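Structural description and commentary
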Amino acid sequence: MGVPPVVKKRCAFIMIGNRGLGWYTVNSAYGDTIIMPCRLDVPHNLMFGKWKYEKPDGSPVFIAFRSSTKKSVQYDDVPEYKDRLSLSENYTLSISNARISDEKRFVCMLVTEDNVFEAPTTVKVFKQPSKPEIVSKAPFLETEQLKQLGDCISKDSYPDGNITWYRNGKVLQPLEGVVVIIFKKQMDPVTQLYTMTSSLEYKATKADIQMPFTCSVTYFGPSGQKTVHSEQAIFDIYYPTEQVTIQVLPSKNAIKEGDNITLKCLGNGNPPPEEFLFYLPGQPEGIRSSNTYTLTDVRRNATGDYKCSLIDKRSMIASTAITVHYLDLSLNPSGEVTKQIGDALPVSCTISASRNATVVWMKDNIRLRSSPSFSSLHYQDAGNYVCETALQEVEGLKKRESLTLIVEGKPQIKMTKKTDPSGLSKTIICHVEGFPKPAIQWTITGSGSVINQTEESPYINGRYYSKIIISPEENVTLTCTAENQLERTVNSLNVSANENREKVNDQAKLIVGIVVGLLLAALVAGVVYWLYMKKSKTASKHVNKDLGNLEENKKLEENNHKTEA
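Presented here is a report on the structure given in the accompanying data block. Quick caveat: nothing in here was measured; it's all calculated off a predicted structure.

Each value, and the rule that gives it
Residues numbered from 1 in each chain as written. Predicted model: local features only at pLDDT ≥ 70, side-chain atom pairs only at ≥ 80, totals over all residues. Heavy atoms only, no water. Helix = DSSP H or I, 4+ residues; strand = E, 2+ residues; numbered from the N terminus. Buried < 20%, exposed > 50% of the residue type's maximum accessible area, 1.4 Å probe, protein only. Areas by Shrake-Rupley, 256 points an atom, 1.4 Å probe, with all protein chains shown as cover. Contact = heavy atoms within 4.5 Å. Polar contact = N/O pair within 3.5 Å; in protein donor to acceptor, adjacent residues only side chain to side chain. Salt bridge = Lys/Arg side-chain N within 4 Å of Asp/Glu carboxyl O. Pairing = 2+ DSSP bridges. Axes fitted to C-alpha atoms, helices over the stretch in contact; angles between N-to-C directions. Core = buried A, V, L, I, M, F, W, Y, C linked by side-chain atoms within 4.5 Å. Domains from an automatic or database assignment. Disulfide = S-S within 2.5 Å. Phe/Tyr/Trp six-rings, centres within 6.5 Å; stacked < 30°, edge-to-face > 60°.

1. Digging into the overall build of the protein chain
Each helix and strand counted, the protein chain has 2 helices and 41 strands in total. By the burial criterion, 36% of the 565 residues in the protein chain qualify as buried. For the protein chain, the exposed surface amounts to about 34,100 Å²; the carbon and sulfur share of it is 51%.

Below you can see the structure in the form of structure tokens.
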């Protein structure tokens, strides 16, 4: 759409006159909508308003037109602004989806019949770069060597930004031979966005172990300068071995004969050495191996100093002393031993060990207070003896030997008798001692009959007894026979008849006689009493008659006396 000739003539004059409005800048983020107010008061006789932008050579390009009378809006055919423009009634121009190419000088024009008013606006577009990222990271860094650490990249920035490197949060400044930073930027010709790359070369030390490295990009946005940081990167630091150590597995305080020993050699470098030389006691030449060397089924002669060193630095050496603990036990005598009662038996348990050992004696699973000693064996000395020793500090190092003692003896017999307080029975006891356990048999001498009804006690410590209870009516001789594999022993005991039983029988007879006599006496007394009673009745009659006669004679005598007087 063109401008009337009269307007064009006045345009240059008016533009110069409107420079007094000053420069006005609109900042916009990439992709946002650019909003540019006209900044002019709308005159009452306004014919129309227009927006244009100026090319680098100063020539104008009109992009929007709005009539004040028809209230209609027209947009010029400019490909880069197709469907992106919006012109409001107050002549504010909006451009959607801001691009880098929108950075231009735009001019708002209000045209009346006799004048043209202009207000320029400069557009600035900003694009926040992507979060910086450390790429092409070195797999490791080596001390005293300048190596490429990595590249810090930040993309799609406008305008271009600046990249900074940090070690443990502190800015890394270039230092010859230690820190080398190379920065470069590249613009995409289509999007006009920048990609910034900063490469870092770094000479590491052991102090850089586990130290975080980061980078940041500093850029300008609509609201000013901003900074975005990358994620941390931690690098493996390689450094040479400075010290060698040797370890013993298992713990060298617990090595015993028969164990397997593993020697482990370690270097404090990174990465650690993979091969070493191992030196065994008495062997001047080293054995080349990985960081471990194993000895199997070690004996006490393996005690000594063990060493290891680096292959390329034999002066860097480590050593350790190893003691192979041992424990020997000798029991004399041992196994099964058979002795006779009364014999003497010396017993010794000899210990030989790499250090002091504890000794414990057991008999039949019961701990003894002291070691056994037999000057004269008894049956109770028989049993299973165990001598056990151990090294407390060395787990699993124990030894034990056993002695099974058998004390044999020919049967010995002692017979006793005891009369029951009532006198009706007698208890005969046959005490027997001997081993193996003798068998006891009772017989009655003369008749030769065997007594089977006996009572036996438990067999303890080579002794027990058998007893019988009898009530002999005549004198007898009892024989006790004890027999084992060694001998047959016989002993006899005379047992008299029960005298109390005869006395009791006589007493019983006497009592029966007395009872019979008493019964007969009672019978005689009854007969006598009957006869007496019978006689008493007859005598009573004669007595009464005689008594009457006496009274009469008495009266006659009294009368005679009276007459004589």
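2. Considerations on the environment of Glu257
Take Glu257: it is sitting in the loop between β21 (244-249) and β22 (261-267). With 67 residues separating them in the primary sequence, Glu257 and Val324 have C-alpha atoms 6.1 Å apart. Dropping the residues within four chain positions of it, Glu257 is found in contact with Val298, Arg299, Arg300, Val324, His325 and Tyr326. Polar side-chain contacts of Glu257 include one of 2.9 Å to the side chain of Arg300.

3. Remarks on the pattern of salt bridges
This structure, assessed with the given rule, holds 20 salt bridges. Residue Glu118 is joined to Lys52 by a salt bridge in which the shortest nitrogen-to-oxygen separation is 3.8 Å. Residue Glu118 is found in strand β9 (residues 116-126), and its partner Lys52 is found in strand β3 (residues 46-54); the two are separated by 66 residues along the sequence. The burial state of Glu118 is the same as that of Lys52; both residues are buried. Asp297 is the partner of Arg299 in a salt bridge, and the nearest nitrogen-oxygen pair spans 2.7 Å. Since its relative accessible area comes to 45%, Asp297 is described here as partly exposed. Connected through shared salt-bridge partners, Glu257, Arg300 and Asp328 make up one network.

4. Quick look at the sheet that holds strand β7 (residues 93-95)
Read from one edge to the other, the open sheet built from 3 strands follows the order β2-β7-β6, with strand pairing classed as antiparallel. The open sheet is flanked by β2 (34-36) and β6 (85-87), the only strands paired with a single partner. Averaged over all pairs of adjacent strands, the angle between their axes in this sheet comes to 15°, without regard to strand direction.

5. Points about the pairing of strand β40 (residues 476-483)
Note that strand β36 (residues 439-444) and β40 share 6 bridges and pair antiparallel. Bridge pairing in β40 links Ile440 to Ala482. When β40 meets strand β41 (residues 488-495), the two strands line up antiparallel, connected through 8 bridges. Its bridge partner lying in β41, Glu483 is registered against Arg488. Connecting β40 to the next strand, β41, in antiparallel fashion are 4 residues.

6. A short note on the nonpolar core
By size, the foremost hydrophobic cluster in this structure holds 51 residues, and its most contacted members are Met36, Trp51, Ile63, Phe106 and Tyr202. Formed jointly, this core draws a minimum of three residues from each of two domains, domain 1 (25-126) and domain 2 (133-238). Residues Ile255, Leu295, Tyr306 and Val324 belong to the second largest nonpolar core, which totals 20 residues.

7. What to know about the state of the cysteines
Counted under the stated rule, the structure contains 5 disulfides. The residue that forms a disulfide with Cys38 is Cys108, at a sulfur-sulfur distance of 1.9 Å. Because the sign of the S-S torsion sets the handedness, a value of about -85° for the bond joining Cys38 and Cys108 places this disulfide among the left-handed ones. Residue Cys38 is found in the loop between β2 and β3, and its partner Cys108 is found in strand β8 (residues 105-112); the two are separated by 70 residues along the sequence. Look at Cys108 and you get buried, because its relative accessible area is 1%. The connectivity of the disulfide bonds within the protein chain can be written as 1-2, 3-4, 5-6, 7-8, 9-10, using the sequence rank of each bonded cysteine.

8. With respect to the side chain of Lys256
Its location among the elements puts Lys256 in the loop between β21 and β22. For Lys256, a relative accessible area of 18% gives the class buried. With sequence-adjacent residues up to four places away left out, Lys256 is seen in contact with Val298, Val324, His325, Val394, Glu395, Gly396 and Leu397.

9. Description of the sheet that holds β40
Reading across from one edge, β37-β36-β40-β41 is the order of the 4 strands in this open sheet, with antiparallel pairing throughout. Two strands in the sheet have a free side with no partner beyond their single neighbour: β37 (450-451) and β41.

10. Here we look at the packing of aromatic side chains
In this structure the tally under the stated criterion is 11 aromatic pairs. Consider the rings of Tyr53 and Tyr81, whose centres lie 5.8 Å apart with planes at 55°: the pair is tilted. Remark: Tyr81 occurs in the loop between β5 (73-75) and β6 and Tyr53 occurs in strand β3; sequence separation between them is 28 residues. We classify Tyr53 as buried; its relative accessible area is 7%. The interplanar angle of 75° and the centroid separation of 5.7 Å between the aromatic rings of Phe374 and Tyr385 together place this pair among those described as edge-to-face. Residue Phe374 is found in the loop between β32 (366-367) and β33 (383-390), and its partner Tyr385 is found in strand β33; the two are separated by 11 residues along the sequence. Residue Phe374 shares its accessibility class with Tyr385, and that shared class is buried. Each residue in the set Tyr53, Tyr81 and Phe106 is aromatic and connected to the rest through ring pairs, giving one cluster.

11. Quick look at unusual backbone geometry
At the junction of Tyr158 and Pro159, the peptide bond is cis and its omega measures out at -10° in the coordinates. With respect to the helices and strands, the residue Pro159 is situated in the loop between β12 (146-157) and β13 (162-167). Residues Asn270 and Pro271 are joined by a peptide bond in cis, for which omega reads -5°. Positionally, Pro271 belongs in the loop between β22 and β23 (276-279). One non-glycine residue, Glu144, adopts positive backbone phi at about 65°. Inspection of the secondary structure puts Glu144 in the loop between β11 (141-142) and β12. The class for Glu144 is exposed, based on a relative accessible area of 59%.

12. A closer look at the environment of Asn253
Mapping Asn253 onto the fold places it in the loop between β21 and β22. When the C-alpha atoms of Asn253 and Ile322 are compared, they prove to be 8.1 Å apart, with 69 residues separating the residues in sequence.

13. Points about the pairing of β33
Counting buried residues along β33, 6 of its 8 residues qualify, which places the element largely inside the surrounding structure. Taken together, the 6 bridges between strand β31 (residues 358-363) and β33 define a ladder with antiparallel strand orientation. Along β33, the bridge assignment pairs Trp361 with Cys387. Of the pairings in the sheet, the one linking β33 to strand β34 (residues 398-419) comprises 8 bridges and is antiparallel in character. Pairing of Glu388 across the sheet is with Arg400, part of β34.

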